[in-house]
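# Fold and contact review
Below, each chain spelled out in residue letters.
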Amino acid sequence: MTSRTVRVRYAPSPTGDFHVGGARTALFNYLFARHHGGRFILRIEDTDRKRYNSQALDWLLEGLRFLGLDWDEGPEVGGAYGPYVQSQRIELYRRHASLLIERGMAYRCFCPPERTEATSPDSEEPGAEPGDSCRCGALSAEESERRASGGAPYAVRFRAPRQGNVTVHDAIRGDITFPNEVLRDAVLLKSDGFPTYHLANVVDDHFMEISHILRGDEWLASLPLHVHLYGAFGWEPPVMAHLPLILNPSGKGKLSKREERAPDGSVRPVFVRQFRELGYLPEALVNFMALLGWSYDDKTEIMSRAELIERFTLERVNPAPAVWNYEKLDHFNGHYIRQLSIEDLAGRLMPFFEAAGYRPSREQLLAVVPLIRERITRLADAPAVANFFFDEELAPYPVEDLIPQKADAAMALAALERARAVLAEVDFRKEAIETALRAEAARLGLKTGQMFQPIRVAVCGRKAAPPLFETLEVVGRDKCLRRIDRAVEKLRSGG
RNA sequence: GGCGCUAUCGUCUAAGGGUUAGGACGGAGCCCUCUCAAGGCUCAAAUACGGGUUCGAAUCCCGUUAGCGCUACCA
């Protein structure tokens with residue numbers, strides 16, 4: 001056990017919407033920091049000016065707040081190691097790039113960006129040497145200096161070793177050995193003066209005194225470069241832990257950053273904002289994501305935030321990639337919805353009813369919520385499930401639905417007419433309604449199902465609905481009678 | 001192509017040499033029941049393949065295969 005203060009960071013790049021893959025990385029960092037009583041730092045890596053998206057930061061901060069992943073240092077909260085936005089730290093990176101040039105560990109590359117870009121990426125030249133595609137590394141210090149001061153644009157490249165191996169330790173995967181011969185002279189400082197990820201990341205993690213790096217597995221391949229950079233600066237690298245990737249439901253490839261489609265072709269959410277808009281609870285998302293690559297034991301899955309914090313350790317992170325399972329998330333969401341108090345759930349549901357065009361009073365919602373809470377898996381499902389409580393007119397439904405199995409229109413008509421008579425008189429509370437309606441069924445010689453289905457369909461406009469008596473009570477006598485009258489008409493007119 | 005990572009039910013995972021290989025989602029069935037849910041119970045379902053090491057391997061080692069990641073002046 002090290003006594004070093006735990007300081008971890010989540011360091012996203014503001015290039016697009018806040019993806020759940022990133023959210024999972026943020027969550028693991030958060031849980032790790034909280035578990036150890038350490039600091040969770042948010043750092044914005046906005047060094048790619050081409051891909052910069054001005055909305056991304058808002059999406060990110062909103063998403064983190066929605067999930068309850070509050071950061072101790074970073075944008076909007078400050079901290080002693082700031083600034084926490086890389087575009088405000090450019091001088092620091094330039095200084096360190098220069099430092100490496102002075103030490104002969106990096107050099108200026110005057111090649112036009114297009115050339116190296118064109119020769120390096122995939123396919124074509126599998127045999128091309130894995131190293132420099134230019135000779136700038138061979139330039140004398142004087143020549144390099146002369147061209148630079150002459151105004152020639154250049155990038156700064158790291159002089160990577162080509163001999164031997166590097167063995168690095170990953171807290172999740174153990175020791176990993178890479179042959180140095182596959183290294184290239186990676187660009188540290190781009191010709192626009194901005195650092196690349198590699199430089200900025202290493203410099204910031206050092207100066208922000210980051211103790212553990214928990215990041216996605218896609219970074220594992222650049223680990224040897226980073227380790228050499230730490231060495232070049234003479235710094236001790238933080239503990240490294242590469243988290244398993246999250247795969248899309250087909251298991252082929254990372255969870256898409258664009259869109260996912262369900263087997264039926266419908267679009268599935270991949271951004272935190274989309275999950276929120278669909279009515280996924282942060283509790284459910286957090287619990288579900290925690291289980292993507294981490295587990296507590298052989299049976300416990302439902303865990304509160306406090307329990308996750310208490311139990312989270314790197315030792316129990318699984319190195320294998322995990323597939324995002326929408327069905328399981330739905331199950332968790334339903335569970336957490338049902339666990340909420342009526343008041344809490346009503347409060348969370350209100351915006352979703354408003355978004356659907358309803359303006360229920362809080363009292364109305366409090367009456368309806370107990371009847372729908374077991375019937376929704378996402379908050380956004382609620383308006384469609386509860387519409388008949390609020391709609392003045394029922395949406396059209398097939399007359400046949402009024403007629404129960406093994407029965408005919410005459411029986412449905414009789415049931416509805418008797419029900420109407422009873423409901424017009426009865427004390428309009430669920431117990432009294434139930435007693436009266438059951439008695440009426442017996443009198444008519446009908447099974448309860450045969451008696452209740454026509455009423456349910458007449459009042460709710462559908463066969464699947466919440467329990468009948470409570471529903472009638474909440475809908476209210478006037479509306480019930482009106483709707484039953486309407487159903488009777490439909491039956492008489494055959495439509 | 002090169003380098004790396006990974007490999008237990010369809011999916012998330014437990015079991016860090018000795019278990020009838022456990023749990024969860026999803027699926028099937030039963031119960032409850034006024035419908036639909038929710039809930040309860042039950043069932044089906046896995047150690048990728050081949051070699052070692054060992055009295056004994058899902059577990060350790062090697063190889064194969066497969067999947068994924070990286071291979072940018074993107075992160």
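Residues numbered from 1 in each chain as written. Chains lettered and ligands numbered in written order. Predicted model: local features only at pLDDT ≥ 70, side-chain atom pairs only at ≥ 80, totals over all residues. Heavy atoms only, no water.

## So, the protein's contact with RNA strand B
Counted only if it meets this: The criterion for a residue being near a molecule or strand is simple. One of its heavy atoms has to lie within 4 Å of it. Polar contacts, as used here, are pairs of N or O atoms within 3.5 Å; protein pairs need one atom able to donate a hydrogen and one able to accept it. Residues neighboring in sequence count only if both atoms are side-chain atoms. Here a helix means four or more residues in a row that DSSP labels H or I, a strand means two or more in a row labelled E, and each is numbered from the N terminus. When residues are grouped by polarity, Ala, Val, Leu, Ile, Met, Phe, Trp, Tyr, Cys and Pro land in nonpolar, Asp, Glu, Lys and Arg in charged, and all others, Gly among them, in polar.
Close to RNA strand B lie 70 residues, the nearest being Asp48, Cys111, Lys190, Glu374 and Arg456. Considering the 4 Å shell around the protein, atoms of RNA strand B inside it are sugar or phosphate in 74% of instances. Backbone polar atom of Ser191 to a base oxygen of RNA strand B: 2.5 Å apart, as the coordinates give it. At a separation of 3.1 Å, a base oxygen of RNA strand B approaches a polar backbone atom of Lys463. Going through the elements one at a time, α4 (113–119), β4 (155–158), β6 (174–179), β13 (322–323), α11 (326–339), α17 (448–460) and α18 (468–475) are the ones with two or more residues in the surface near RNA strand B. A per-class count over the surface near RNA strand B returns 31 nonpolar, 15 polar and 24 charged.

## What to know about the domain arrangement of chain A
Think of interface size as the accessible area that goes away when the parts come together; that is how it is often given. Here is the rule we go by: Boundaries of every domain are those given by an automatic assignment or by a domain database. Here, two residues are considered to be in contact whenever any of their heavy atoms come within 4.5 Å of each other. What gets called buried area is simply the loss in accessible area from a 1.4 Å probe that two parts show on being joined, summed for both. By salt bridge we mean one thing: a side-chain nitrogen of Lys or Arg within 4 Å of a carboxyl oxygen of Asp or Glu.
Domains assigned within chain A are domain 1 (260–338), domain 2 (340–390) and domain 3 (399–493). Each of domain 1 and domain 2 has a C-alpha centre, and the two are 23 Å apart. Facing the 14 residues of domain 1 at the interface are eleven residues of domain 2. Together, the buried faces of domain 1 and domain 2 total about 1,000 Å²; carbon and sulfur atoms form 53% of this surface. The largest share of the area that domain 1 buries against domain 2 comes from Leu278, Ile337 and Arg338, three residues that together contribute 50% of it. With a closest N to O distance of 2.7 Å, Arg348 and Glu283 form a salt bridge.

## Describing the packing of aromatic side chains
Any two aromatic rings considered together are summarised by their centre-to-centre distance and by the angle between their planes. Worth spelling out the cut-off: Pairing of aromatic rings covers Phe, Tyr and Trp, the last through its six-membered ring, and needs centres within 6.5 Å; plane angles under 30 degrees mean stacked, over 60 mean edge-to-face, and all others mean tilted. A simple rule labels every residue: compare its accessible area, found with a 1.4 Å probe on the protein chains alone, to the largest value its type can have, and call it buried under 20%, exposed over 50%, or partly exposed in between. Counting as a charge over the ring demands two things of the Lys NZ or Arg CZ atom: a distance within 6 Å of the ring centre and an angle within 35 degrees of the ring normal.
Following the criterion strictly, the structure yields 20 aromatic pairs and no others. Ring geometry for Tyr30 against Phe40: centres 6.0 Å apart, planes inclined by 85°, an arrangement best described as edge-to-face. Residue Tyr30 is located in helix α1 (residues 20–35), and its partner Phe40 is located in strand β2 (residues 39–42); the two are separated by ten residues in the primary sequence. Centre to centre, the rings of Phe275 and Trp324 are 5.7 Å apart; their planes meet at 55°, and the pair counts as tilted. Of the two residues, Phe275 sits in helix α8 (residues 272–278) while Trp324 sits in the loop between β13 and α11, which places them 49 residues apart along the sequence. For Phe275, a relative accessible area of 0% translates into the label buried. Residue Trp324 is classed as buried on the basis of its relative accessible area, which comes to 1%. For Arg108, the ring lying beneath its charged end belongs to Tyr154, and the centroid distance is 5.3 Å. When the ring centre of Tyr296 is taken as origin, the NZ or CZ atom of Arg311, which lies over that ring, is 4.4 Å away.

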